[in-house]
Amino acid sequence: MPEIRLTLDGVPVTARPGQTVGAVLTEAGITSWRTTRKEGRPRGLFCGIGICFDCLVTADGVPNQRACLTPARDGMALETGRLTPENAVGAGVAPAAETAADLTADEVKSP
């Protein structure tokens, strides 16, 4: 099966065809890629079905995409706003930028 190559804040990540962005990040050991607005608590994949909005990420320049519903595509650029190639090694947690703060369903675009 061919590998899909994408980046998370410029850091190369590989995926398998059919995986969602959330599955790719979790399999890569990245369990959190944003933080809550008020208390800075880590957030990542939680419900896995698009209900909770904890897994928001910027995908190919489109902010507030649910990683659990967004299919991984070859060449896709994912952004959290905080992870860099220098601090990504062994991070396991990638805090997100303020743009991926707690949002209501009305503020989030579906993939």
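Data block above holds the structure.
Residues numbered from 1 in each chain as written. Predicted model: local features only at pLDDT ≥ 70, side-chain atom pairs only at ≥ 80, totals over all residues. Heavy atoms only, no water.

Caption draft 1: The sheet that holds strand β6 (residues 62-66), seen in detail. Judged by pairing direction, the sheet is mixed, and its 5 strands sit side by side in the order β2-β1-β7-β5-β6 without closing on themselves. Sheet topology places β2 (11-15) and β6 at the edges, where each strand pairs with a single neighbour. When strand polarity is set aside, the average angle formed by the axes of neighbouring strands in this sheet is 40 degrees. Relative to β2, strand β1 (residues 4-8) runs antiparallel, the two being bridged by 5 bridges. Each bridged residue has a counterpart across the sheet, and for Leu 8 the counterpart in β2 is Val 11. (Pairing = 2+ DSSP bridges. Helix = DSSP H or I, 4+ residues; strand = E, 2+ residues; numbered from the N terminus. Axes fitted to C-alpha atoms, helices over the stretch in contact; angles between N-to-C directions.)

Caption draft 2: Region of the structure containing the side chain of Thr 58. As for its position among the elements, Thr 58 is in strand β5 (residues 56-59). Among all residues touching Thr 58, those that are not within four sequence positions of it are Pro 63, Asn 64, Ala 77, Leu 78 and Glu 79. (Contact = heavy atoms within 4.5 Å.)

Caption draft 3: Expanded view of the nonpolar core. If you look at the biggest cluster of nonpolar residues, it comprises 18 residues, and the most contacted ones within it are Leu 6, Val 21, Leu 25, Trp 33 and Leu 78. When contributions to this core are tallied by element, the ones reaching two or more residues are β1, β2, α1 (21-27) and β5. (Core = buried A, V, L, I, M, F, W, Y, C linked by side-chain atoms within 4.5 Å. Buried < 20%, exposed > 50% of the residue type's maximum accessible area, 1.4 Å probe, protein only.)

Caption draft 4: Representation of unusual backbone geometry within the structure. Unusually for a residue other than glycine, Phe 53 sits at a positive phi of about 65 degrees. Note that Phe 53 resides in the loop between β4 (42-43) and β5. For Phe 53, a relative accessible area of 14% gives the class buried.

Caption draft 5: Spotlight on the pairing of β1. Alternating positions in β1 separate cleanly, Ile 4, Leu 6 and Leu 8 being buried on one face and Arg 5 and Thr 7 remaining unburied on the opposite face. Pairing analysis gives 2 bridges linking β1 to strand β7 (residues 77-79), with the strands arranged parallel. Residue pairing across strands places Thr 7 opposite Ala 77, the latter belonging to β7.

Without other data, these values stay purely geometric and don't point to any function.
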